[in-house]
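# Chains, contacts and geometry: an overview
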Amino acid sequence: MKLTTTFARLALGSAIMLASLGSVQAQEDEVKIGFIVKKPEQAWFINEQKAATEVGEEFGFDVVRLGGEDGQEVLSAIDNLYAQGAQGFVICPPDVRLGPAIMNRANQYGMKVVTVDDQFVNTSGEPMEGVPHLGMSGTKIGRQVGEAIAAEMEVRGWNPEEVAALRITNNELPTAVERTDGATEALLAAGFPEDNIFDAPQQNSDTASAFSAASPVLSQYGDYEHWIIYALNEESVLGGVRATEQYGMAAEDVIGVGINGSGAAFAEFSRDNPTGFHGTVAVSSTMHGRQTTEDLYRWISEDQEPPANTETSGTLMTRNNWQEVRAALGL
Ligand code: GLA
């Protein structure tokens, strides 16, 4: 009897051991990653995170979507992910200079990190090495913005000498500088006078901050009848366009061209009447979300390190072709 009990105990013991080994094994095999974005309410980032989740569903791993609107929030998001057993995360940081602090925390936890859209910089302001990145080719896409504006000015028969440019800048963010510099370069090459370009520095990368930056510039140079507007993204160009409307300018006197091709632009193109928002260079946020998520997954599960830097390109989207371009980019 005693013997049977001992055997039974032993058998039970090994069954428990086997079961717990099994669950450790399962946990090791289970991949969980985070996808942290600086502006979780912006259409670009909503779509990017949605695409990430879909990749997780297809491949069978978990994607935890989190917002990180400042350094503190990002660090708590990382702690939270670690507590949940995540092995890494994709991030678009709220400030690229947080790179070293974010990597410190991730390294403490042995988590792998991929950046999307905005690349970390080191303490000397250079792109941080060793963190794979995927983002748009800022200069090229900026040039497309400048070329699109120049072409539309020609269609409208504007004399460049009589046109003012509202350049909404965000000098803290390298990709933003590349984009507005690219646009400026293309405009100058098309014969736009440099003296007619006026800067409106924004504090953030959204519509509200662009609106606040644009208003004083418009009132200061109110003598110009025709305005062109460009910025790091379409949300900011929309802020500029809204400011021209508030100032009483007609849609036909304004040419704004943005970057992104997300819900903000679709809503604008869907209005009954055209506004000063002429177009946007659309980039696939779906592809950005999918690719970075898949790259991180393969890095974790197959030890295959992602490419150091992937640059993506864009397509001009206007009121006339936005639905085709949207479909082609899987947006
Ligand atoms: C930056 C901008 C976003 C979007 C992404 C795309 O993060 O703030 O609006 O343009 O780049 O790379």
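Rules used in this analysis
- Residues numbered from 1 in each chain as written.
- Predicted model: local features only at pLDDT ≥ 70, side-chain atom pairs only at ≥ 80, totals over all residues.
- Heavy atoms only, no water.
- UniProt positions renumbered as here; feature names shortened; annotations may be inferred.
- Near = heavy atom within 4 Å.
- Polar contact = N/O pair within 3.5 Å; in protein donor to acceptor, adjacent residues only side chain to side chain.
- Areas by Shrake-Rupley, 256 points an atom, 1.4 Å probe, with all protein chains shown as cover.
- Nonpolar A, V, L, I, M, F, W, Y, C, P; charged D, E, K, R; others polar.
- Domains from an automatic or database assignment.
- Helix = DSSP H or I, 4+ residues; strand = E, 2+ residues; numbered from the N terminus.
- Expected span 1.5 Å × (residues − 1).
- Buried < 20%, exposed > 50% of the residue type's maximum accessible area, 1.4 Å probe, protein only.
- Contact = heavy atoms within 4.5 Å.
- 1 Å grid on protein atoms, 1.4 Å probe; cavity = no way out; pocket = protein on both sides within 12 Å on 5 of 7 lines; lining within 4 Å.
- Points joined across faces, edges and corners; volume = space filled by probe spheres on them.
- Buried area = accessible area lost by both parts, 1.4 Å probe.
- Salt bridge = Lys/Arg side-chain N within 4 Å of Asp/Glu carboxyl O.
- Phe/Tyr/Trp six-rings, centres within 6.5 Å; stacked < 30°, edge-to-face > 60°.
- Lys NZ or Arg CZ within 6 Å of the ring centre and 35° of its normal.
- Pairing = 2+ DSSP bridges.
- Axes fitted to C-alpha atoms, helices over the stretch in contact; angles between N-to-C directions.

Naming follows an unreviewed UniProt entry, where the protein appears as L-arabinose-binding periplasmic protein of Vreelandella boliviensis LC1. Quoted verbatim from the Sequence similarities (unreviewed entry) field of the UniProt record, the comment on the protein reads "Belongs to the bacterial solute-binding protein 2 family."

## Some points on the site of the ligand
As a structural note, the neighbourhood of the ligand is formed by 13 residues, with Lys38, Asp118, Arg179, Asn233 and Asn260 the closest of them. The contact in question runs from an oxygen atom of the ligand to an N or O atom on the side chain of Gln42, over 3.5 Å. Coverage of the ligand by the protein amounts to 100% of the 310 Å² it exposes when considered alone. Residues that form the shell around the ligand fall into these classes: five nonpolar, four polar and four charged. There are two domains that each give the shell around the ligand at least three residues, and those are domain 1 (32-131 + 285-312) and domain 2 (138-282).

## A few points about helix α6 (residues 174-189)
Look at α6: 22 Å from first C-alpha to last across 16 residues, which is about the 22 Å you get at 1.5 Å a residue. Buried within α6 are the following residues: Thr175, Ala176, Arg179, Thr180, Gly182, Ala183, Thr184, Ala186 and Leu187. Looking at the buried positions of α6, the neighbouring elements they touch are β5 (133-136), α5 (138-155), β6 (163-169), β7 (197-201), β8 (226-230) and β9 (254-260). Gly191 lies just past α6 and shows a positive phi near 95°.

## As for empty space enclosed by the protein
All chains considered together, the criterion is met by one cavity of 30 Å³ or more. Volume-wise, the largest cavity comes out at about 120 Å³. Taken together, 14 residues make up the lining of the largest cavity; nearest its centre are Lys38, Phe45, Arg179, Asn233 and Asn260. Of all elements in the fold, only α2 (43-59) and α6 reach the threshold of two or more residues within the lining of the largest cavity. For the lining of the largest cavity, a count of residues per class yields five nonpolar, five polar and four charged. Both domain 1 (32-131 + 285-312) and domain 2 (138-282) contribute no fewer than three residues apiece to the lining of the largest cavity.

## Quick notes on the domain arrangement of the protein
In terms of domains, the protein is made up of domain 1 (32-131 + 285-312) and domain 2 (138-282). Distance between the C-alpha centres of domain 1 and domain 2: 30 Å. Taken residue by residue, the interface counts eleven residues in domain 1 and 14 residues in domain 2. For the pair domain 1 and domain 2, the summed buried surface comes to about 940 Å²; carbon and sulfur atoms form 50% of the total. Among the residues domain 1 hides against domain 2, the three largest losses belong to Lys39, Gln42 and Trp44. Together they make up 42% of the total. Counting across the domain 1 and domain 2 interface gives two salt bridges. Put simply, Arg97 and Glu172 hold a salt bridge, and the shortest N to O gap is 3.0 Å. On inspection of domain 1 and its partner domain 2, the count reaches three residue pairs in polar contact (both at pLDDT 80 or more). Within the side of domain 1 that touches domain 2, the residues separate by chemical class into four nonpolar, two polar and five charged.

## Here's the deal with the packing of aromatic side chains
Enumeration according to the criterion identifies eleven aromatic pairs in this entry. With a centroid separation of 5.6 Å and an interplanar angle of 45°, the aromatic rings of Phe269 and Phe277 are classed as tilted. For Phe269, a relative accessible area of 4% gives the class buried. By the ring-pair criterion, three or more aromatic residues cluster together here, those being Phe198, Tyr221, Tyr224 and Trp227. Of note, Lys112 hangs over the ring of Trp299, and the distance from its end group to the ring centre comes to 5.7 Å.

## A word on the UniProt feature "domain: Periplasmic binding protein/LacI sugar binding" (unreviewed entry) in the protein
UniProt records the feature "domain: Periplasmic binding protein/LacI sugar binding" (unreviewed entry) for residues 32-311 in the present numbering. Span residues 32-311 is 45% helix and 21% strand, its end C-alpha atoms 26 Å apart.

## A word on the pattern of salt bridges
If you walk through the whole model with that rule in mind, you get 15 salt bridges. Taking the shortest distance from any N to any O, the salt bridge between Asp79 and Arg105 comes out at 2.8 Å. Note that Asp79 is positioned in helix α3 (residues 71-83) and Arg105 in helix α4 (residues 99-108), a separation of 26 residues in sequence. Classification of Arg105 as partly exposed rests on a relative accessible area of 23%. A single salt-bridge network, built from bridges that share partners, covers Arg242, Glu245, Glu268 and Arg271.

## Re the sheet that holds β9
If you walk across this open sheet you meet the six strands as β7-β6-β8-β9-β10-β12, and the pairing is mixed. Both outer strands of the open sheet, β7 and β12 (315-318), are each paired with one neighbouring strand and no more. Neighbour to neighbour, the strand axes of the sheet diverge by 20° on average, direction disregarded. One ladder, built from four bridges, connects β8 with β9; its direction is parallel. Each residue of the ladder has a partner; that of Ile229, found in β9, is Gly256. Packing of α5 onto the sheet brings it into contact with β6, β8, β9, β10 (277-282) and β12, and relative to β9 it is tilted by some 155°. Seen against the sheet, α6 touches β6, β7, β8 and β9 and runs at an angle of roughly 140° to β8.

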